[in-house]
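Here are the chains, one letter per residue:
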Amino acid sequence: MKTVLDVLNRTEAFFARRGIEKPKLEAQILLAELLGMDRLQLFLQFDRPLQEEELEALREPVQRRAAGEPMAYVIGKREFWSLDFQVGPGVLIPRPDTETLVEAALDLIAADEDPVYVADVCAGTGCVGIAIASERPGARVYATDCSDEALRFLRANVEAHDLQKRVAVLRGDLLAPIPTTRPVDVIVSNPPYIATAELAELEVARTEPALALDGGPDGLDVYRRLVPAAARRARRAVAVEIGADQGEAVAALFREVGLIDVIVKPDLAKRDRVVVGRCPEPPG
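Visitor: If you had to explain the pairing of strand 5 (residues 167-171) to someone new, which residues and values would you point to?
Guide: The sheet contact formed by strand 4 (residues 139-145) and strand 5 spans five bridges and is parallel. Its bridge partner being in strand 5, Asp-145 is matched across the sheet by Arg-171. Running through helix 8 (residues 148-160), the crossover from strand 4 to the neighbouring parallel element strand 5 is right-handed.

What follows is the structure, given as structure tokens:
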């Protein structure tokens, strides 16, 4: 009978043959997840025999990962902001860089402010809006997306974090689904921003939805629509995630529509990642 260590070694070797970049680590993560334990527990149970039903349950996920499907899709979740988010084919996988957008939004909202209205545009899994809501109890979030696949995960994540009373899931393009009678203080977005020609060179484009990635010829198509609309609608500020080479161009779009105190914030790798602009005080 095969033990945990036997299966771990076989999976690692299989991943290595299939070109998985970190076969040992990925084998450990996958096996621990599928056996319902953390990696420390996995190490402590190397000699435990695996039952036939456990081995059978491992075969398909191992094959999927070896074929190049992202680990997050295989196990059905990804951690972001120390929270778990359900993911799967059809929705963009949350990435640590996007936590810079959450940090920028939290800087705009006082911890005791209640209520404050936030629009999370192109919400995908809802990771940004849900993270903000988890840190700011007074936040009321409108989470919008135009993808039916993404909306399925967005709704599931709102329910998983018990935020149905504070996060509204809305289907439609950018800000359009939010009734004009509803106030919006802060608008945040991680829109598609990769130039179309660059997508063919990226691994992410082979596995994750083009709708969440393709930003048009120069990557700025969505910003050109979103930024003017956001500047008209937001009462306080707008913050968007950007590609590392887009800070100057997106900041210029912010200034063109009258946003002030525009700054470009770097991520932990010191690459430009978020543009923030404040709304001017209304006259009088």
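Visitor: Go over the side chain of Ser-147 with me, naming the residues and quoting the values.
Guide: Tracing the backbone shows Ser-147 in the loop between strand 4 and helix 8. Ser-147 sits in the buried class, given a relative accessible area of 8%. In this structure the side chain of Ser-147 is engaged in a polar contact, spanning 3.2 Å, whose partner is the side chain of Glu-149. Those residues in contact with Ser-147 that lie beyond four places of it in its chain are Gly-90 and Leu-211.

Visitor: Lay out the sheet that holds strand 8 (residues 260-266) with the relevant residues and their values.
Guide: What holds strands together in a sheet is hydrogen bonding between their backbones, with the strands either parallel or antiparallel. Spatially, 5-4-3-6-7-9-8 is the arrangement adopted by the seven strands of the open sheet, whose pairing is mixed. What marks the edges here is a single partner per strand, and that holds for strand 5 and strand 8. When strand polarity is set aside, the average angle formed by the axes of neighbouring strands in this sheet is 15°. Here strand 6 (residues 186-189) runs beside strand 7 (residues 237-241); their pairing, made up of four bridges, is parallel. Residue pairing in the sheet places Val-186 in a bridge with Ala-237 of strand 7. Seen against the sheet, helix 6 (residues 99-106) touches strand 6, strand 7, strand 8 and strand 9 (272-278) and runs at an angle of roughly 20° to strand 9.

Visitor: Please provide a residue-by-residue account of helix 4 (residues 52-66), values included.
Guide: Look at helix 4: 21 Å from first C-alpha to last across 15 residues, which is about the 21 Å you get at 1.5 Å a residue. At Arg-59, helix 4 shows its largest bend, some 25°, and a proline, Pro-61, comes one to four positions later. Turning to helix 4, its buried residues are Leu-55, Leu-58, Pro-61, Val-62, Arg-65 and Ala-66. The elements touched by buried residues of helix 4 are helix 1 (4-17), helix 2 (23-34) and helix 5 (71-75).

Visitor: Which residues make up unusual backbone geometry, and what are the values?
Guide: When glycine is set aside, most residues are seen to have a negative phi, and most peptide bonds are trans. Cis rather than trans, the peptide bond between Asp-114 and Pro-115 has omega equal to 0°. Its location among the elements puts Pro-115 in the loop between helix 6 and strand 3 (116-121). Not every positive phi belongs to a glycine, and Trp-81 is a case in point at roughly 55°. Position of Trp-81 relative to the elements: it lies in the loop between strand 1 (77-80) and strand 2 (83-86).

Visitor: Give me the lowdown on the environment of Tyr-142, citing residues and values where you can.
Guide: Mapping Tyr-142 onto the fold places it in strand 4. A sequence separation of 52 residues divides Tyr-142 from Ile-194, and the C-alpha atoms of the two residues are 25 Å apart. Those residues within four positions of Tyr-142 in sequence are excluded, and the remaining contacts are Tyr-117, Val-118, Ala-119, Asp-120, Ala-168, Leu-170, Ile-178, Arg-182, Pro-183 and Val-184. Among the polar contacts listed, one links the side chain of Tyr-142 to the backbone oxygen of Pro-183, at a separation of 3.3 Å.

Each value, and the rule that gives it
Residues numbered from 1 in each chain as written. Predicted model: local features only at pLDDT ≥ 70, side-chain atom pairs only at ≥ 80, totals over all residues. Heavy atoms only, no water. Pairing = 2+ DSSP bridges. Helix = DSSP H or I, 4+ residues; strand = E, 2+ residues; numbered from the N terminus. Right-handed = clockwise from strand over helix to strand, strands pointing away. Buried < 20%, exposed > 50% of the residue type's maximum accessible area, 1.4 Å probe, protein only. Polar contact = N/O pair within 3.5 Å; in protein donor to acceptor, adjacent residues only side chain to side chain. Contact = heavy atoms within 4.5 Å. Axes fitted to C-alpha atoms, helices over the stretch in contact; angles between N-to-C directions. Expected span 1.5 Å × (residues − 1). Bend = angle between axes of the 7 residues up to and from the residue.

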